Amino acid sequence: ETEPVDKADELTFIALGGGAEVGRSSHIIQYKGKTVMLDAGVHPGYEGFAALPFYDEFDLSTVDILLITHFHMDHAASLPYVLAKTNFSGRVYMTHPTKAIYKWLMQDSVRVQNTHIASSATSGTDGYVNQLFNEQDILNTLPMIQTISFNTTHTHNGIRFTPYPAGHVLGACMYLIEIAGLNVLFTGDYSREDDRHLIPASIPRSVRVDCLICESTFGISSHIPRLERETALMKSITGILNRGGRALLPVFAVGRSQELLLILEDYWARHEEYRKYPIYYASSLARKCMVVYQTYIDAMNDNIRNKFQAAQLAGSGAADGAGNGPWDFQYIRSLKSLERFDDVGGCVMLASPGMMQNGVSRSLLERWAPDPKNGVVITGYSVEGTMAKSIMLEPDTIPAVMTNRNQPQGGLMSKKLGDDKVMIPRRCTVQEYSFAAHVDGTENRKFIEEVNAPVVILVHGEKHNMNRLKSRLLGLQKMKVYSPANCEEVHIPFRQDKTA
Ligand SMILES: [Zn+2]
Ligand SMILES: [Zn+2]
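Rules used in this analysis
Residues numbered from 1 in each chain as written. Chains lettered and ligands numbered in written order. Predicted model: local features only at pLDDT ≥ 70, side-chain atom pairs only at ≥ 80, totals over all residues. Heavy atoms only, no water. Helix = DSSP H or I, 4+ residues; strand = E, 2+ residues; numbered from the N terminus. Salt bridge = Lys/Arg side-chain N within 4 Å of Asp/Glu carboxyl O. Buried < 20%, exposed > 50% of the residue type's maximum accessible area, 1.4 Å probe, protein only. Core = buried A, V, L, I, M, F, W, Y, C linked by side-chain atoms within 4.5 Å. Contact = heavy atoms within 4.5 Å. Donors = N, O, S within 2.8 Å, 3.2 Å for Na, K, Ca; no water. Tetrahedral: all angles 85-135°; square planar, octahedral: opposite > 155°, others 65-115°. Pairing = 2+ DSSP bridges.

## Focus: the environment of Leu227
As for its position among the elements, Leu227 is in helix 5 (residues 226–242). As for Leu227 and Asp194, which are separated by 33 residues in sequence, their C-alpha atoms are 9.9 Å apart.

## Observations concerning the pattern of salt bridges
Going through the model one piece at a time under the given rule, you end up with 22 salt bridges. Of the charged contacts in the structure, one is a salt bridge between Lys85 and Asp137, with a shortest N-O distance of 3.6 Å. Taken together, the residues span a long stretch of sequence, with Lys85 in helix 2 (residues 79–85) and Asp137 in helix 4 (residues 135–141) at a distance of 52 residues. For Lys85, a relative accessible area of 45% corresponds to the partly exposed category. For Asp137, a relative accessible area of 12% translates into the label buried. Between Asp302 and Arg305 there is a salt bridge whose closest N-O contact spans 3.5 Å. Residue Asp302 and its partner Arg305 are located together in helix 8 (residues 302–317), separated by three residues, close to a single helical turn. For Arg305, a relative accessible area of 27% puts it in the partly exposed group. Each member of the salt-bridge network shares a partner with another, and the members are Glu193, Asp195, Arg196, Arg226, Arg229, Glu230, Arg256, Glu259, Asp266 and Arg270.

## Let's talk about helix 9 (residues 359–368)
An α-helical turn contains 3.6 residues, so a residue and the one three or four places further along point in the same direction. Within helix 9, nine of the 10 residues are buried, which leaves it mostly tucked inside the rest of the structure. Buried residues of helix 9: Gly359, Val360, Ser361, Arg362, Ser363, Leu364, Leu365, Glu366 and Trp368, and no others.

## Some thoughts on the nonpolar core
Leu79, Ile237, Trp268 and Leu350 are the most contacted members of the largest nonpolar core, which totals 104 residues. Ranked by residues supplied to this core, first place goes to helix 6 (residues 256–270) with seven residues. Not counting residues within four places of it along the chain, the set of residues in contact with Leu79 comprises Ala40, Leu66, Ile68, Val92, Met94, Tyr102 and Ile145.

## Describing the coordination of the zinc ion (ligand 1)
Within the protein, His70 (NE2), His72 (ND1), His168 (NE2) and Asp189 (OD) serve as the donor atoms for the zinc ion (ligand 1), at 2.1 to 2.3 Å. If you look at the zinc ion (ligand 1), its four donor atoms make angles of 92 to 166° with each other, and the shape they trace is irregular. Mapping the donors of the zinc ion (ligand 1) onto the primary sequence yields the spacing H-x1-H-x95-H-x20-D. A distance of 3.4 Å spans the gap from the zinc ion (ligand 1) to the zinc ion (ligand 2), which Asp189 bridges by coordinating each metal.

## Considerations on the pairing of strand 3 (residues 34–38)
Summarising burial for strand 3: four of the five residues are buried, a large majority. As defined by bridge partners, strand 2 (residues 26–31) adjoins strand 3 across five bridges and the pair is classed as antiparallel. Each bridged residue has a counterpart across the sheet, and for Gln30 the counterpart in strand 3 is Thr35. Between strand 2 and strand 3, which pair antiparallel one after the other, the connecting turn spans two residues, and Lys32 there sits at a positive phi close to 50°. Of the pairings in the sheet, the one linking strand 3 to strand 4 (residues 65–67) comprises three bridges and is parallel in character. Its bridge partner being in strand 4, Met37 is matched across the sheet by Leu66.

## Some remarks on the coordination of the zinc ion (ligand 2)
Each donor-metal-donor angle would ideally measure 109.5 degrees in four-coordinate tetrahedral geometry, or 90 or 180 degrees in six-coordinate octahedral geometry. Coordination of the zinc ion (ligand 2) by the protein is provided by Asp74 (OD), His75 (NE2), Asp189 (OD) and His460 (NE2), with metal-donor distances spanning 2.2 Å. Bound by four donor atoms, the zinc ion (ligand 2) shows angles of 86 to 162° at the metal and therefore irregular coordination geometry. Mapping the donors of the zinc ion (ligand 2) onto the primary sequence yields the spacing D-H-x113-D-x270-H. Relative accessible area serves as the criterion here: at 11%, Asp74 is assigned to the buried category.

Have a look at this one:
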């Protein structure tokens, strides 16, 4: 243990983002002269350049390959910047469904940003790209992204890598990376519970993992079981409707919202009494993304595949040939923008962005917050610095960012503070039920124990969560656990005899 280690046998790890925080994930691993970059996200709590990983702290021209785990903004949204605005010259890989959704998400985010600048946006989804690049940059760099299949090994420049299903969202993968005999497993964001549409993550079989790089979003805290959580969620939503209110579910445009739509559709199918309340899915991307979901049925679990096959059989017998697949909803209406929304009476509204920074979900929050009959139901993970995080503290007022721009909002009983800072009273209820599809503390610890790597590097967690998980792991097993901050270089010795 104490004998000096040759520099050549060291694995170097650097988090350019996502180190002791959730957001802007981007990590570098170097071993035997090879460099792999993991993810290229933005931070949802910041804007513009401040939202980027610390790319200036590393020479991106030395990167051989860049592996993207999934399409979420905190893992993929700075990729156009990396490809169009830096000296990066390596290869980029993601799974087929990830690229299909990434393409729509990125284009939409730039358009939303443009609308947001031109007026006060009334449509749109996840406007998080603040002029870091334009739509042409996205289109120009799309051909540079190579798509790969799950469970298939690829090699570039002596680096072998294999994507395995990670649960979480459609297309999400964990990567097993082999450099000169050293095996590194990067989980990205992952989940292991049974889902209505996704295959849960499993341990790559019969592989020795030397180093595990693992998310730590929920630290050591535990989720209540999935079925209980679904029941509680539906009780909360129907409770809001029963008292004559509107239920706002802020969601990321695509991903976990599809799981929530399946839950709601199923509940409405079984409870006729609620069918008088419309369910809206407010996303300009709804239709485009549904096509992706209908295309990649093979990347989903048996529940969806069986429903799809049953619908095809039924459809082939019908005169009109129409089969109602699992993504053809009967009780859910998609809404392209708020201009087409008739706001009368109770309803359930899924609207993006998920953390209510701006856009449709923020507009509706500002409109509905003053009425105590209404309710906000948070189902995703809320990053520090966003409205979704601050509203859980149930503040008396919230700042208006969508309603004070062009016209006075007398009807909102808003109070003018200073020049244009308008505060809106918050009397609606706020509840949280996590359907974010991250492992909880227990699932994560069990996975880490099963992988049984001698070295574990924790990423993607707020500092206190990460440290609590770290001390729990150190108490359990003999392993080295690292929890580096951003830009803190970690040098890990791997002796040749261990990895040969
Ligand atoms: Zn994610
Ligand atoms: Zn994430």
